[in-house]
Structures are given as C-alpha cells and as structure tokens.
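Given next are the chains, with one letter for each unit.
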Amino acid sequence: MNRRELLLTGLAGASLMSLPRLAFAEPEPQLLTVSKRVLEVKGKPASVYGITGPGGKPGLSMMFGEHFRVRVKNDTDSETIVHWHGLTPPFGQDGVAMYGQPAIAPGAAQDYDFANTRSGTHWMHSHMGLQEQQMLAAPLIVNEVKQPVFDDQEHVVMLHDFTFRNPQEILAELTGGGGAHAGHMMQGMNMQGMDHSRMDHSGSGGMMQGMTGMMSGMMGGAGMLNDIVFDAYLANDRTLEDPEIVPVDKNSTVRLRIINGAAASNMWIDLGAMEGELIAVDGNAIYPMKGSLFPLAMAQRADIRIKIPAEGGAFPVLFRPEGVGERTGIILATAGATVPRIASKGEQTPALDLAQELLYRPVAKLPQEPVNRTHMLMLTGCDTDYLWGLNGEANPVQPLFTMRQGERIAVMMHNMTGMAHPMHLHGHYFKVVALGNRVIDGALRDVVLVPPMESVTIMFDADNPGSWPFHCHHAYHMNSGMMGSVGYTSAA
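What counts as what
Residues numbered from 1 in each chain as written. Predicted model: local features only at pLDDT ≥ 70, side-chain atom pairs only at ≥ 80, totals over all residues. Heavy atoms only, no water. Buried < 20%, exposed > 50% of the residue type's maximum accessible area, 1.4 Å probe, protein only. Helix = DSSP H or I, 4+ residues; strand = E, 2+ residues; numbered from the N terminus. Pairing = 2+ DSSP bridges. Axes fitted to C-alpha atoms, helices over the stretch in contact; angles between N-to-C directions. pLDDT = per-residue confidence, 0-100. Contact = heavy atoms within 4.5 Å. Salt bridge = Lys/Arg side-chain N within 4 Å of Asp/Glu carboxyl O. Patch = residues over 30% accessible without salt bridge, like charges linked within 9 Å, V, L, I, M, F, W, Y side chains within 5 Å. Areas by Shrake-Rupley, 256 points an atom, 1.4 Å probe, with all protein chains shown as cover. Core = buried A, V, L, I, M, F, W, Y, C linked by side-chain atoms within 4.5 Å. Polar contact = N/O pair within 3.5 Å; in protein donor to acceptor, adjacent residues only side chain to side chain. Phe/Tyr/Trp six-rings, centres within 6.5 Å; stacked < 30°, edge-to-face > 60°.

### With respect to the pairing of strand β12 (residues 232-235)
The two faces of β12 match: A232 and L234 on one face and Y233 and A235 on the other face are all buried. By the bridge criterion, four bridges tie strand β9 (residues 153-162) to β12 in an arrangement that is antiparallel. Looking at the pairing, F162 lines up with A232 of β12.

This is the structure we're talking about:
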C-alpha cells in the first residue's frame, strides 16, 4: 500500500466528529440608535428624538434581497419601539409593543432578523404613545439596484409637523374639550387657494364635487381639516426660513423620495412651475403620472421624478399642509443659480381629495382570484370628549375581523366622522379597488386616505399569519381610540 492509499484509507475510517469544523460567523446586525437630540426651530432649541443608522445618517438604506438584520438600541430614558413601516415582516418583528414583542427599555437593545420582500421608499417610526410627534422617525429605503437606472441622483425628503409643546398636554387638552387646538375649520369645503388645473384629473368624474353637501350637518356644516396648531412644518428638519439647498446638475433627472412623517398633517406636494412624474406610491410603482401638485396623506410616500432644465436654475419644491397657510420645502439648485427666499406662509391650502387616487394604476398586478370575504369597517367617534373609534368602539379589544391564511379579503371603510383618516394596515399591502361606488384598478398601498362621509374599499391577500394593527395614522386619533386589529384563525 503506497502513501496515497494509506492516506485515503485513514480518512475513510476517521469519524466525522474528529474532523475540524469550519465556523461561519453570522454578519453583525446593522445598528440603529434611538436617542434624544436638540433641534433648533425658528431660533429656539427643542428636544426631539432621532434614529441614527450606520455611518451616522438618519435611518437605514439597504438593498432588496438583503436580509433584514437590525439591532435597535435605546439610548433614551423612556421605553420605545420602532415599527418598519412599509415592510411586511413575520408576526413579532413588526415593531409594535404588545403585538408579539415587548417595548425596548431604556439602555436596552432589540434584534430583528427576517427576510425582507419589499423594496421602495419606506420609513421607520415609534409605535409608542406620541413619540412619533416628537420626531422619533427616519427613512427606510430599500433599493432594487445599486446605481439608479433612470435617474442621475436621488434625494430623500422627510416631512414633519412640529410643536414645542408636550404632545401629551395637547392630547389632554383635546380630550378635555379644549378649543385652542381644535381651530382650523374647513369653511364650506370651497377648495379655494390652490390651482387644481395643474393636475391631470381627466376621467375623475368630478369625484369631489358636492363635498359641501355631504358635509352638511357634520360639525355645524363644516368639517375639520386639522385639529392641532403647529409651530412649524419641517422638511429634513428645516423650515423655509433656512431650507435645504439640494445641488443638482443641469439637464439631469432627480428622483425625490418624499415621506410624510407628520403626526397629524396631510400635505400637498407643490412643484411650482416645474412638472414632475409621480412614479411610485408607498413604495409601489405606478404608471407615471405627470403633474405639479400631488397629494400626500400622513404616512404615505411618493416618488417623483423631475427633469432639471438644460439652462439650470433654482427650483423650489413646497410641501403645503391642508387647512393652513404655513408651508415648508426644499430648493433644487444648479451651480451658480440665485436661490430665492420663499415666505414660510402663503395662501391657505385646501383639503386633500381622491381625484388623483382614482387615476393611479399599479405596475404590479395581483393574481386573478375571487374575494372570499368582505368586511365593513366604520370609522366613528369624536364628540366633545375627542374619543375616536372603529365600528363605534374606541380601542376595540376583540379583532375587527378574522381570516384564514390564503383568503382574499375586501374591506369597505366608511368614514362617518368630520375629519379625513389615513388608514394603515400592518403586515400586508392592499389594493385600492373602489372609491365610493366606483370600482377602480387602483394602486397598491399600505395607507389610504378616507375623506369625511366617504367610503374606500381595499383588497388584500391573507398571507402573513398573526395579529395585526389596523388604525388611523393621525397620531392623536390613534391614541384616542381609532386603533384595532385583525387576526388569523383556522376556523371557517
């Protein structure tokens, strides 16, 4: 037996347990740190939250297909938890206390580890109390490619409504019937103050015409656009008194990823003299829609592609909360351009409507399957005690409805109140399939606005077992009763 034969014989007879094992270390999770910071607003310091990611930047940017492996460290003196808004993780990793996981104690950390199946423009925010109002939020961008294919550059814009006051004091004032924050009344819903001719509403059928009549009898003949008085509105932490100047190249294409992180303010995106293309909503691609005015309800996201002219210049992009004249914005500017000063207050901005929602058409199509169950969800409440609810009950303990895995579910949401509600379902994406009685091939979303005395129907597939929050994303409405859940069951 030669040397080679002896070696092979020895290896064949050796126990596998006696051979050395190669150790493959799991990659370290990406660290997100929740901390307090001081932000200067209108020359005054304010204590707010922040979420700092790898590299010291707010939030997180990752590649589609990359495993979501994140550690959240709480460097504050309060409990918190972070919700991955736009992702559909398995139950227990969604970032909502009491829904399969505990809050993160001060000084503690919590790990998240799941296969992410969602690309696009998303965000992360606290789902504890009113911390979201205190700016505990940040972008969460999931890119499909490392380098943009159609765009020369991308820029993320995070919007906030800001108050120097303690949000809990504001909520106590509202629930006590105080009027200081229940001020901005929508007089007759006349829609004046904005040129809607700059939007392509062909085929809308005059959906929002006659809203005044539908509002009759609600709150003395006037609906309420917003119920909080804010000190400022911020775009990437800045007001129009000192706006962010975004350098852009002449004859280039810029993709704005805009996130409405406001706690209680729906907004219009106003491109002014420019025209852009809306190419995605809530991270889901739609067939491009041209215009210069686009609605963005609380928690919604919009990707807008803008072509910078060959001659260059400075181009304001304004964000206008409904019901007030105050506004915020950024300015896109080429090298050497004169940057204009823009007043932080203009004309009063009217309510968001569903005229554009009617026209959105998704690029991705759901499989052709029948609806197995249809549920009615009534949005209710708000007397003088500021108590909101679902199906006539504030914070319902029992699930709003249950479903079995594999079913296709339709939900008709009927708003019986005098305010619009941006409704958000966790753990799933849904398709907007009807506005009122009009059936549409609508967008894929995770938040849809339901205006006063209107109905919106959504459809989704029950493909993520668990118990999932279903709530209004207006932080004060949610914390005053407009939050329930849906669940899975094996029973018919």
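### Things to note about the sheet that holds strand β13 (residues 244-247)
What the five strands build is an open sheet, ordered β13-β21-β20-β15-β18; its pairing is mixed. Every other strand in the sheet has two partners, leaving β13 and β18 (293-296) as the edge strands with one partner each. Pairs of neighbouring strands in the sheet enclose a mean axial angle of 20 degrees, with direction left out of account.

### Observations concerning the confidence of the model for the protein chain
Overall, the prediction assigns the protein chain a mean pLDDT of 87, with 85% of residues at 70 or greater. Confidence drops under pLDDT 50 across residues 1-19; counting only partners more than four residues distant or on other chains, this segment forms two contacts.

### Quick word on the pattern of salt bridges
Two side chains bearing opposite charge may form a pair once their charged atoms approach each other closely. Tallying each qualifying case throughout the model produces 21 salt bridges. Among the ionic pairs, R69 bridges to D113, the shortest N-O distance being 3.3 Å. With R69 in strand β4 (residues 68-74) and D113 in strand β6 (residues 109-114), this residue pair connects regions lying 44 residues apart in the sequence. Classification of D113 by relative accessible area gives partly exposed; the value is 38%. Salt-bridge contacts for R301 lead to D282; the nearest nitrogen and oxygen are separated by 3.6 Å. One end of the pair, R301, is in strand β19 (residues 301-307); the other, D282, is in the loop between β16 (276-281) and β17 (284-291), and 19 residues separate them in sequence. In the salt-bridge network here, residues are joined through shared partners; they are D282, R301, E357, R445 and D446.

### A few points about a nonpolar patch on the surface
Where nonpolar side chains cluster on the molecular surface, the patch consists of V145, V149 and F150 and spans about 330 Å² of accessible area. Looking at where F150 falls in the secondary structure, it is placed in the loop between β8 (137-143) and β9. Residue F150 is classed as exposed on the basis of its relative accessible area of 65%.

### Overview of the sheet that holds β16
Whenever strands of a sheet pair, they do so through backbone hydrogen bonds, lying parallel or antiparallel. The strand order across the open sheet formed by six strands is β12-β9-β14-β19-β16-β17, and the pairing between neighbours is mixed. Each edge of the open sheet carries a strand with a single partner, namely β12 and β17. Strand-to-strand twist in this sheet, taken as the mean axis angle between neighbours without regard to direction, amounts to 25 degrees. Strand direction decides the pairing type here: β9 and strand β14 (residues 253-260), joined by seven bridges, are parallel. Looking across to β14, one finds that M158 is bridged to I259.

### Things to note about the nonpolar core
Formed by 81 residues in total, the largest nonpolar core has its most connected members in I269, V317, L332, F470 and Y476. Counting residues in hydrophobic clusters, the runner-up holds 23 residues, among them I51, M62, V72 and V82.

### Concerning the environment of S35
Take S35: it is sitting in strand β1 (residues 30-41). Through-space distance from the C-alpha of S35 to that of V48 is 8.6 Å; in sequence the pair is 13 residues apart. Beyond its immediate sequence surroundings of up to four residues, S35 is in contact with V48, Y49, G50, D75 and T76.

### Structural notes on unusual backbone geometry
Located in the positive-phi region is Y386, a residue other than glycine, with phi close to 55 degrees. Relative to the elements of secondary structure, Y386 occurs in the loop between β22 (373-381) and β23 (388-390). One non-glycine residue with positive phi stands out, namely N395, at about 45 degrees. Turning to its location among the elements, N395 is positioned in the loop between β23 and β24 (402-403).

### Description of the side chain of Q131
With respect to the helices and strands, Q131 occurs in the loop between β7 (120-126) and β8. Using a relative accessible area of 7% as the deciding quantity, one classes Q131 as buried. Here E79 takes part through its backbone oxygen, which lies 2.8 Å from a polar atom of the side chain of Q131. Within polar-contact distance, the side chain of Q131 engages the side chain of T80 at 2.7 Å. Among all residues touching Q131, those that are not within four sequence positions of it are Y49, S78, E79, T80, S126 and L136.

### A look at the packing of aromatic side chains
Inspection of the entire model under this criterion finds seven aromatic pairs. Measuring from centroid to centroid gives 4.6 Å for F68 and F114, while their planes differ by 25 degrees, and the two rings are stacked. Placement of F68 in strand β4 and of F114 in strand β6 is noted, with a sequence separation of 46 residues between them. Owing to a relative accessible area of 4%, F114 belongs among the buried residues under this scheme. Here F230 and Y233 contribute two aromatic rings whose centre-to-centre distance is 5.9 Å and whose plane-to-plane angle is 65 degrees, an arrangement assigned as edge-to-face.

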